[in-house]
Amino acid sequence: MAASARRKPISRRRSWCCSFAVPPSSPEQSTSSKNFNYKPNSVSKQGRPNSLPTSPQSYKSGLNFVGRIDPRRNRSPGRVSPIDSDPTVDSVQEMIQDPLPAVGSATKSRSHSFRAPPESSFSSSVSGSGSRTDFDVRLKLKGKNGGSLILELNSEILKANSEVFAALIAEHKKGSEMCRIEVPEVENLGVFRDAIELMFEDDIPRRLMKMRVYRTIAVLEVSAGIMFRKGILACLKYLEAVPWSEEEEENLRILLTKFKFDDATTRDIFARLFLLESKDSEQDLARQLVWSITSCADTNARNELKSLVKGILCKSSVYEKDQPDLNKEDMYVVCQSCLGSLVSLFEEASDSTRDGRGAKKKMDKPLIERISRQVDNINWLLEILLDWQMAEEFVNMWTDQAELLNMYDTASPMLRYELSRVSANIFIAIGTRKLHCRTEARSRLLQAWFGPMLSDFGWLQRCKKGLDMKALEEAMGQTLLTLPLKQQYMLFMEWFGCLSKHGTGCPNLSKAFQTWWRRSFLRGSETNAIESR
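Being a predicted model, the structure only gives us computed values, none of them experimental. (Residues numbered from 1 in each chain as written. Predicted model: local features only at pLDDT ≥ 70, side-chain atom pairs only at ≥ 80, totals over all residues. Heavy atoms only, no water.)

Trainee: Mind showing me how you'd approach a nonpolar patch on the surface here?
Mentor: Residues Tyr-489, Met-490, Met-493 and Phe-496 make up a contiguous nonpolar surface patch of about 430 Å² in total accessible area. Topologically, Phe-496 is positioned in helix 21 (residues 485-502). Classification of Phe-496 by relative accessible area gives partly exposed; the value is 45%. (Patch = residues over 30% accessible without salt bridge, like charges linked within 9 Å, V, L, I, M, F, W, Y side chains within 5 Å. Areas by Shrake-Rupley, 256 points an atom, 1.4 Å probe, with all protein chains shown as cover. Salt bridge = Lys/Arg side-chain N within 4 Å of Asp/Glu carboxyl O. Helix = DSSP H or I, 4+ residues; strand = E, 2+ residues; numbered from the N terminus. Buried < 20%, exposed > 50% of the residue type's maximum accessible area, 1.4 Å probe, protein only.)

In structure tokens, the structure reads:
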């Protein structure tokens, strides 16, 4: 009586069921089966086709599959094979927990766990009118990696929801004969089964909420393959309304390039995935971001934004896909603006020194802080230019800063050493082979900024601000060695005189000096022999 009291009115859910037993081999089966060559273009976790993902989520809709389906047996929730009697709820649950032995000695035994459905839903699937005409389509899904699943379905609901199955049923079905359709090479039996079950759901959105996004994307692909329009629309509406992870976003992006969905919801999803503007607008945005950062007054916010924008604009970034080329002219306009601001700040410092007032605050910021901020901006822009391999012109731009060089001698060491921070990064880039420029450019750079670098090296040692001093010393020596030997001689003599006066306050270029000495004198006889030829 309790079971009868709990029995619900017959609903659309009772129009489908599954079989736990292997269908009998019979002439009818062998002659009346219809193969459906369906091979979905699936989306894997890595974004590659031909691999449907297996969701870790389990849910209740007739039967929850916790493990893979045993290839020895065909299991599904509602019914058993026609050769068996209809089981009771207790007997089916017992059969699920204690699977039958394998058929045939060649089949290896596998252990899988299943969860039986609630008693009410199971009873409604088995009971009813008792007529087999409700289940007049037998759909057999054969897994690509083994295993199979048989679903006994109602043809009217199947035809009303899937154009593909409607055509197959119309081609095959005759009278009350059971229509048998086989789908081979199914990547994921559970996902295909989920898509079929949606046809018999009264509340599809609620079912999709239980599946979550990753599983819904896989179900959407199967629904598109079998032309299940109601399921496609429900999946698209759900996906448009929820956030995505990066992995889910990539899978959805790949799927939308394979199938064309004509719906307003699809346009909303495309608007979230693709920027439909021209590349010029993206370049304008990059320029605006760079301008905003170089003019940012808050130190903490500026440093945070620098890291963010540099990571986005970096060529090796994860956001590199379909990224337009960085506009070189725009970047150099920003560089020139920062250099102009730096010149103005040193002019202010010179005026303050002549007036005897010292460095005053302007705009509530000390002069030394404002100079340091502009130098940070220049070095940050240089890093971006180096990453895009278009920093060659920056060497000439920095070398041509005659005004800064003229004010260098009169500026306070606390201010002028900031200029050597820019030179240091250029030397490191050249010495580590990240920056390639012509001999004339390297020669002019060293003639202009090598002397100031020697004078400021002690300050750089005390206020490194992120500089690797060992890397700087090595790079300075390597940069000198790229010049002709006669020019190296003049610069090494200048370094030697600085070292004799300041000792450890001067960069250690001993290794490069030894290389220059060896090239100049120890192999001099070989050089003379080559020149005499």
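Trainee: Explain the pattern of salt bridges here, please?
Mentor: Should their charged atoms come close, side chains of opposite charge can pair. Counted according to the given criterion, the structure contains 21 salt bridges. Residue Arg-444 pairs with Asp-400 through a salt bridge whose shortest N-O separation is 2.4 Å. Of this pair, Arg-444 sits in helix 19 (residues 439-462) while Asp-400 sits in the loop between helix 16 (392-399) and helix 17 (402-408), placing them 44 residues apart in sequence. What makes Asp-400 partly exposed here is its relative accessible area of 45%. Arg-438 is paired through a salt bridge with Glu-440; the nearest N and O atoms lie 3.8 Å apart.

Trainee: How should helix 19 be read in this particular structure?
Mentor: For helix 19, built from 24 residues, the straight-helix expectation of 34 Å at 1.5 Å per residue is met to within 8% by its first-to-last C-alpha distance of 32 Å. The largest bend along helix 19 reaches roughly 50° and is located at Asp-456. (Expected span 1.5 Å × (residues − 1). Bend = angle between axes of the 7 residues up to and from the residue.)

Trainee: Honestly, the confidence of the model for the protein in this entry has me stumped. Any pointers?
Mentor: In regions of low pLDDT, the predicted coordinates are not meant to be interpreted in detail. Mean pLDDT over the protein stands at 74; residues scoring 70 or higher make up 66%. Note on residues 317-322: pLDDT is under 50 here. Beyond four places in sequence and across chains, it has seven contacts. The low-confidence segment residues 358-363, where pLDDT is below 50, has ten contacts with residues more than four positions distant or belonging to other chains. (pLDDT = per-residue confidence, 0-100. Contact = heavy atoms within 4.5 Å.)

Trainee: It is not clear to me how the packing of helix 8 (residues 204-225) against helix 9 (residues 229-241) should be interpreted in this structure. Could you clarify?
Mentor: Two quantities define a packed helix pair, namely the angle between the axes and the distance from one axis to the other. Where helix 8 contacts helix 9, the two axes come as close as 8 Å, and the packing angle between them is 120°. The angle between the axes of helix 8 and helix 9 places the two elements in the oblique class. Relative to helix 9, helix 8 is oriented so that their crossing is left-handed. Packed against helix 8, whose contacting residues are Ile-204, Leu-208, Met-209, Arg-212, Val-213, Thr-216, Ile-217, Val-219, Leu-220, Ser-223 and Ala-224, the element helix 9 presents Lys-230, Gly-231, Ile-232, Ala-234, Cys-235, Leu-236, Tyr-238 and Leu-239 at the interface. Among the residues making up the contact of helix 8 with helix 9, the classes are represented as 14 nonpolar, three polar and two charged. (Axes fitted to C-alpha atoms, helices over the stretch in contact; angles between N-to-C directions. Parallel < 35°, antiparallel > 145°, perpendicular 65-115°, else oblique. Left-handed = near helix turned anticlockwise from the far one by under 90°. Nonpolar A, V, L, I, M, F, W, Y, C, P; charged D, E, K, R; others polar.)

Trainee: I would appreciate a short explanation of the nonpolar core in the present structure.
Mentor: Grouped burial of nonpolar side chains is what soluble globular proteins tend to show. In terms of nonpolar packing, the biggest core is built from 77 residues, with Phe-394, Trp-398, Ile-426 and Leu-472 touching the most fellow members. With eleven residues, the top contributor of residues to this core is helix 14 (residues 328-355). Membership of the second largest hydrophobic core comes to 50 residues, among which are Ile-157, Val-164, Ala-195 and Phe-261. (Core = buried A, V, L, I, M, F, W, Y, C linked by side-chain atoms within 4.5 Å.)

Trainee: I would appreciate a short explanation of the environment of Ile-378 in the present structure.
Mentor: Here Ile-378 shows up in helix 15 (residues 367-387). The class for Ile-378 is buried, based on a relative accessible area of 1%. Separated by 40 residues in the primary sequence, Ile-378 and Cys-338 place their C-alpha atoms 6.6 Å from one another. Those residues within four positions of Ile-378 in sequence are excluded, and the remaining contacts are Cys-338, Leu-339, Leu-342, Phe-394 and Val-422.

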